[in-house]
Amino acid sequence: MQSRSHVMASQLVLVPTLIIVVYFLWGFTLYTGYLSFTDSKFLPSHKWLGLKQYELLWSNPRWKIAYANMFIFGGLYLFFCVLFGGLFAILLDQRIRLENFFRTTFLYPMSLSLVVTGLAWQWMLNPSLGLQKLAHEMGFHEFTLDWVVSSKYAIYTVVLAAVWHGTGLIMVLFLAGLRAVDKDIWKSIYVEGIPAWRAYGAIILPQLRPILLAAILLLTFNVVRSFDLVVALTSGGPGFASDVPAKFIYDYFFARSNIARGAAAAVCTVMTVLLIILPYLYLELRKQK
Amino acid sequence: MSSLKKQISVNSKFAGFVAGIMLICTPNLWAGGDVVHWWVGDAESKALKVIVDEFERSGSKWLDTPHNDSEAAHASVKSRVIGGNPPAAVLMVVGASSKEWAEGGLLNDVDSVAKSENWDSVLPDGVASASKQGGKYIAAPIFISTVNWRYANLSLLRSVGVDEPMSWGAFMTSLPRIQKAGYIPLAVGGQDWQETLLFDHVALGVAGAQYFRELLDGNMNTIDSEDTIRVFTAMRALEPFTDAGKAGRSWGDTNNLVITGKAGYIFMGDWAKGGFLQANKTPGQDFSCKISPGSGMVLTAVDGFAFPKTSSGADQATQGKLASAMMNKDVQTKAALLKGALPARTDASTEGFDHCSQNALVLLGSGSAALHWNVRDSGFKGVLKDVVSQFWNSDMSPEQARKMLVDGIKQL
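These lines cover the structure that appears in this document, whether it is placed above or below. Just so it is clear, the structure is predicted and the values come from calculations on it, not from any experiment. (Residues numbered from 1 in each chain as written. Chains lettered and ligands numbered in written order. Predicted model: local features only at pLDDT ≥ 70, side-chain atom pairs only at ≥ 80, totals over all residues. Heavy atoms only, no water.)

A closer look at the overall build of chain B
Right, so step 1: Within chain B one finds 19 helices and 14 strands.
Right, so step 2: Over its C-alpha trace chain B gives a radius of gyration of 24 Å, about what one expects of a compact globule, namely 22 Å for 412 residues.
Right, so step 3: By principal-axis analysis of the C-alpha atoms, chain B measures approximately 80 × 60 × 50 Å.
Right, so step 4: Put simply, chain B has 412 residues, and 53% of those count as buried.
Right, so step 5: Counting contacts in chain B only where the partners sit at least 6 residues apart, residues at least 24 apart contribute 76% of the total.
Right, so step 6: For chain B, the accessible area works out to roughly 17300 Å², and carbon and sulfur atoms hold 54% of it. (Helix = DSSP H or I, 4+ residues; strand = E, 2+ residues; numbered from the N terminus. Rg over C-alpha atoms; globule rule 2.2 N^0.38 Å. Buried < 20%, exposed > 50% of the residue type's maximum accessible area, 1.4 Å probe, protein only. Contact = heavy atoms within 4.5 Å. Areas by Shrake-Rupley, 256 points an atom, 1.4 Å probe, with all protein chains shown as cover.)

Written out as structure tokens, the structure reads:
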């Protein structure tokens, strides 16, 4: 009897959360989807246009660059964060001296906001202020580092700053995973005399799949909502070379008074991410069962 | 137990504090006017203070709601109006933007104040029509800003033996000579609005005022013409005369290059003049201000406040009082002097204005030589900004840029 009322109570407590989630998350998501089929400009309108906004969106050169940048940025960001995060975690796992110091150092960028990260890297990479100027003053006149002002390479500076910011978190995740590995496994590895690189590659890392999944999900969210870092570092420039979907959507919603086009871009972004993430999630979770 | 009690009392005190803050922050509870703006710079806030003092002289309370930039300010006001909690007034570049708001039904008109104070007779025609929608005043215009100035460091020009050029051709031939002497010929910033402003100057100087007027009108024949290619080509020709540090540079830093004698010219709006004056430079002697060479056309933007929709009579009365304070003749003169702009009213005194402002006044007075810049909606301006900035920062050809501009406008 008591346990049933407990269940009831806990369900009751969840009701407000449920209402809020349904209304603010799903409600607004669906409304955005609906607006993308209308001719909403400055204010929401209900005139139905069908797929017209999508057609116009996909003939917009700026959107194509922003969309492609999502893949360049996302792919490299995920790859390098996981690579460096994993590598640092394995190195720290060797019970080195000063472990606390290194862990804190690598995790430190996480404590900075993305806006600060973006500004700091902008100063460092700016050819007339930062590293290039320093190198020139030290006598290396051939040294050039102008990626942040180059329309070909600007997006890679965003990757650089984001990897710097995100690697620490992935490292800590992996380190927690490594520390949770059963001591007996290590003992048998020693007994068998398996070299360390094989032990990690064939035995230890495969056990960390769930952690890899968590890391990739966390980083993917960062890719989709990447806005502040880009605004602070390049503001999408030069031109719109380093534009990303979130900035495009914001611009069309608020600065360009084109709500429907922004909504169409938002739908395309979310759909793309779901198309990539859902199959991966499905495969992983099935395997883990 | 006692510590728990203590905690509870602290918590309830805190709750009371929060509730108090919320009450204070709810503008509806004040009989005063909640005004949203982004005039947070030194000169701008001093100018705003003049308006605040005039408004509060009649016993009303000004509630200041500053934002960092126009986009953030307008996004917040838009949702406040729709959510039923509108501010009393919001800063705008009067013209296309305020009309967009009025057409969306988000603004009250202040026509009764305008009628009783006879705004029609004291405002230049262009300013009056920019402030109206459907024949009624929807905004109180305060300043006329002139946006197409070429500032030159005269000491630098003298030292390299260049006379101040008065045509586009002479301007172009002076650039390599300044470069040879080891200076940056043209200071250019790296934000897209600065690049678009540069485009405006080139378009006026190379293709002329008529072309620029038709461009702003959205005349597709003009936009798709050879003239557009000439303008993009001329803009590209300026690039070798700019420095590598331009990327991402703010207008203030760019302006400083000219003030400190590192660069020869800058194309900028009248807000750049304040920097020269603050560095104790004398116009006509240390630096010069000229309408962009070869154009003879002054581009203007009107700064003013619009009044969000509200049905409450008390709020409407506050809006009327605000409008009246903003349109006060002496207030406009005093504030314009502080901000470096021109008063919107033709009968406001222009005593004490320097010779740059006086030049602008002469051009404005002759009517035909003034072109109101904010005539297109945000969508059109956005396309122009995208194309110009992308062209300037890549190896796109002028033909490609024209095609992108035409396609972009068609797809609005």
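Still to come is the rest of the account.
Description of helix H9 (residues 168-180) of chain B
Residues and elements named next belong to chain B.
Right, so step 1: Among the residues making up H9, those that are buried are Trp-168, Phe-171, Ser-174, Leu-175 and Ile-178.
Right, so step 2: Looking at the buried residues of H9, the elements they touch are strand S8 (149-153), helix H8 (154-159), strand S9 (184-187), helix H10 (192-217), helix H12 (226-238) and strand S10 (263-268).
Right, so step 3: Just downstream of H9, Gly-182 is the residue with a positive phi angle, here 95°.

Re the packing of aromatic side chains
For any pair of aromatic rings, the description rests on two quantities: the centre-to-centre distance and the angle between the ring planes.
Right, so step 1: Scanning the model with the defined rule gives 43 aromatic pairs over all chains in all.
Right, so step 2: Seen in terms of ring centroids, Phe-73 of chain A and Tyr-77 of chain A are 5.3 Å apart; in terms of plane orientation they differ by 10°. Their pairing is stacked. Within this pair, Phe-73 of chain A and its partner Tyr-77 of chain A are both found in helix H3 (residues 61-92), separated by 4 residues, close to a single helical turn.
Right, so step 3: Linked through ring pairs, Trp-58, Trp-63, Tyr-67, Phe-71, Phe-248 and Tyr-252 of chain A together constitute an aromatic cluster.
Right, so step 4: The positively charged end of Lys-78 of chain B is found above the aromatic ring belonging to Phe-42 of chain A, 4.4 Å away from the centroid.
Right, so step 5: The positively charged end of Arg-236 of chain B is found above the aromatic ring belonging to Phe-391 of chain B, 4.1 Å away from the centroid. (Phe/Tyr/Trp six-rings, centres within 6.5 Å; stacked < 30°, edge-to-face > 60°. Lys NZ or Arg CZ within 6 Å of the ring centre and 35° of its normal.)

Comments concerning the pairing of S8 of chain B
Residue and element names in this part refer to chain B.
Right, so step 1: In terms of residue burial, S8 counts as a mostly covered element, since 5 of its 5 residues are buried.
Right, so step 2: Alternating positions in S8 separate into two faces, Trp-149, Tyr-151 and Asn-153 on one and Arg-150 and Ala-152 on the other, with burial throughout.
Right, so step 3: As defined by bridge partners, S8 adjoins strand S11 (residues 287-291) across 5 bridges and the pair is classed as antiparallel. Among the inter-strand pairings, Tyr-151 is bridged to a residue of S11, identified as Cys-289. (Pairing = 2+ DSSP bridges.)

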